[in-house]
There are 2 protein chains.
Amino acid sequence: MNILITAGPTHEPIDAVRYIGNRSSGRMGAALAEAALAAGQAVTLIVGPVTAAMPAAARRIDVETAAQMLEMVLTEFPNHELLIMAAAVADYRPKQVTREKLERAGTLVIECEMTSDIVAAAGKIKRPNQRSVGFSLESRGNLSRAGEKLVRKDLDLIVYNPIETMNSPTIEAVLLWPAGRQEKLNSQSKSSFAEVLIHRAIELFDPLVQAGSGSS
Amino acid sequence: MNILITAGPTHEPIDAVRYIGNRSSGRMGAALAEAALAAGQAVTLIVGPVTAAMPAAARRIDVETAAQMLEMVLTEFPNHELLIMAAAVADYRPKQVTREKLERAGTLVIECEMTSDIVAAAGKIKRPNQRSVGFSLESRGNLSRAGEKLVRKDLDLIVYNPIETMNSPTIEAVLLWPAGRQEKLNSQSKSSFAEVLIHRAIELFDPLVQAGSGSS
């Protein structure tokens, strides 16, 4: 199987030197790529400006902004069976980008606009034989919000993960499927979690699981 | 001699996951620390969230924000003879920091206020037997602005460097001293430049150089 995984943060330029970023290290994406490779699958990684090392055996495409990541996902998804959106894509970008360096003077107001929703855009070009998995990073134990995203973005599986996961070596996640099935996972290393998630993602191609027979 | 070097960017939080950052890699600070160590000096590094590796032989203090870097510089400078401010400290930080993750909804306006000027604050506590070196990153060939900073911040030497230096392996710099002396350096690797700068910085303790005898 060809698996497309996005990883890391995006950086949205304010001016020639400044940007808006987020604390994603890219470790989750790297762990998922490793687990997929270990399961004998071919992996393409679309990677923002990460600090974590990525497995050399994956094909790697580097991007910086949410717009560049959107473009690469729309280009690459048609050539893959499975998409896992593990990147922490910026929701907002500055409306105006100053080409030079803004000088220090008085107050600075940065007006931001929403970026395109990459997961939703991928959902719109998804073919019946393709599957997609998303992540929902929430600051409270807000499972219903993750469930709403699962449906709205036409995902086949979503990972609810608390905000503390970001830039941490461990994850305490809940998996949600469209038919209402949930699986609460114990706190564990990202590599251990990645093995579970790759297994569940590959199961999405099993007709019995698609029919929603599993529930807990 | 005890040399205090600041390196890397700072990250100024917007909310629990987002921040304003800049493209500094920390490579210049790392190169300066290596050159100072090679010259037999003791080095303390105050380091923002860098991607570059720092020399293990330096004492290292990690910080995230401009406010944390200010605090550590004011704490550490009295115990060092020489301060080199190679960090690309944020000029602005969001006025309000949201503890949770801001949800994606409509437009976002980030109001920013100026951070404290660390170089100027260090200048105010500088004793007669101490020296300080700053950097002036400018988007145009604006040497006069670097010269103005040199005087206003009570520096003994300033490095004018064009904005293209940031996150680049090379630097094309001009050194400026208070008495009007200038030295234009050819484009070179950061490690080669760092050797020159450490040499010039140590010369600042030579009484003849202090008298402003050198000019070009």
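As a reminder, the structure under discussion sits directly above these lines.
None of the values given here were measured: they were computed from a predicted structure.

Caption draft 1: A look at helix H5 (residues 190-203) of chain B. All names here are of chain B. The terminal C-alpha atoms of H5, which comprises 14 residues, lie 20 Å apart, in line with the 20 Å expected from a rise of 1.5 Å per residue. By the burial criterion, the buried members of H5 are Lys190, Phe193, Ala194, Leu197, Ile198 and Ala201. End-on, the buried residues of H5 take up no more than an arc of 135°, which puts them together on one face. The secondary structure elements touched by the buried residues of H5 are helix H1 (27-38), strand S6 (82-85), strand S9 (131-138), strand S10 (157-162), strand S11 (170-171) and strand S14 (188-189).

Caption draft 2: Geometry of the sheet that holds strand S8 (residues 108-114) of chain A. Read across the sheet, 4 strands follow the order S7(A)-S8(A)-S8(B)-S7(B) without closing on themselves; strand pairing throughout is antiparallel. Only two strands of the sheet have a single neighbouring strand rather than two, namely strand S7 (92-94) of chain A together with strand S7 (92-94) of chain B. Sheet twist, expressed as the average angle between the axes of neighbouring strands with direction ignored, equals 40°. Judged from the 5 bridges that link them, S8 of chain A and strand S8 (residues 108-114) of chain B form a sheet pairing that is antiparallel. Residue Leu108 of chain A lies in a different strand from S8 of chain B, and its bridge partner there is Cys112 of chain B.

Caption draft 3: Spotlight on the relation of the copies chain A and chain B. Superposing chain A onto chain B takes a rotation of 180° combined with a translation of 0.0 Å along the rotation axis, leaving an RMSD of 0.0 Å. The transformation just described matches what one would write down for a two-fold rotation axis. Taken together, the interface assignments show that 100% of the residues at the interface of chain A recur at the interface of chain B, consistent with an identical surface on both copies.

Caption draft 4: Summary view of the nonpolar core. In this structure, Ile5, Leu32 and Ile84 of chain A together with Ile5, Leu32 and Ile84 of chain B are the most contacted members of the largest nonpolar core, which totals 124 residues. Among residues more than four places away in sequence, those in contact with Ile84 of chain B are Ile3, Ile5, Leu32, Val133 and Ala201 of chain B.

Caption draft 5: Representation of the environment of Met85 of chain B. Residues and elements named next belong to chain B. Note that Met85 resides in strand S6. Between the alpha carbons of Met85 and Gly8 there is a distance of 9.9 Å; along the sequence they are 77 residues apart. Sequence-distant contacts of Met85, defined by excluding residues within four places in its chain, comprise Thr6, Ile118, Val119, Gly134 and Phe135.

Caption draft 6: Representation of unusual backbone geometry. All names here are of chain A. The backbone phi angle of Asp154 is positive, close to 55°, even though this residue is not glycine. In this structure, Asp154 sits in the loop between helix H4 (143-152) and strand S10 (157-162). Classification of Asp154 as partly exposed rests on a count of 15 C-beta atoms within 10 Å.

How each quantity is defined
Residues numbered from 1 in each chain as written. Chains lettered and ligands numbered in written order. Predicted model: local features only at pLDDT ≥ 70, side-chain atom pairs only at ≥ 80, totals over all residues. Helix = DSSP H or I, 4+ residues; strand = E, 2+ residues; numbered from the N terminus. Expected span 1.5 Å × (residues − 1). Buried ≥ 20, exposed ≤ 12 C-beta atoms within 10 Å, placed from the backbone. Arc of directions from axis to C-beta. Contact = placed C-beta atoms within 7 Å. Pairing = 2+ DSSP bridges. Axes fitted to C-alpha atoms, helices over the stretch in contact; angles between N-to-C directions. Least-squares fit on C-alpha atoms with pLDDT ≥ 70 in both. Core = buried A, V, L, I, M, F, W, Y, C linked by C-beta atoms within 7 Å.

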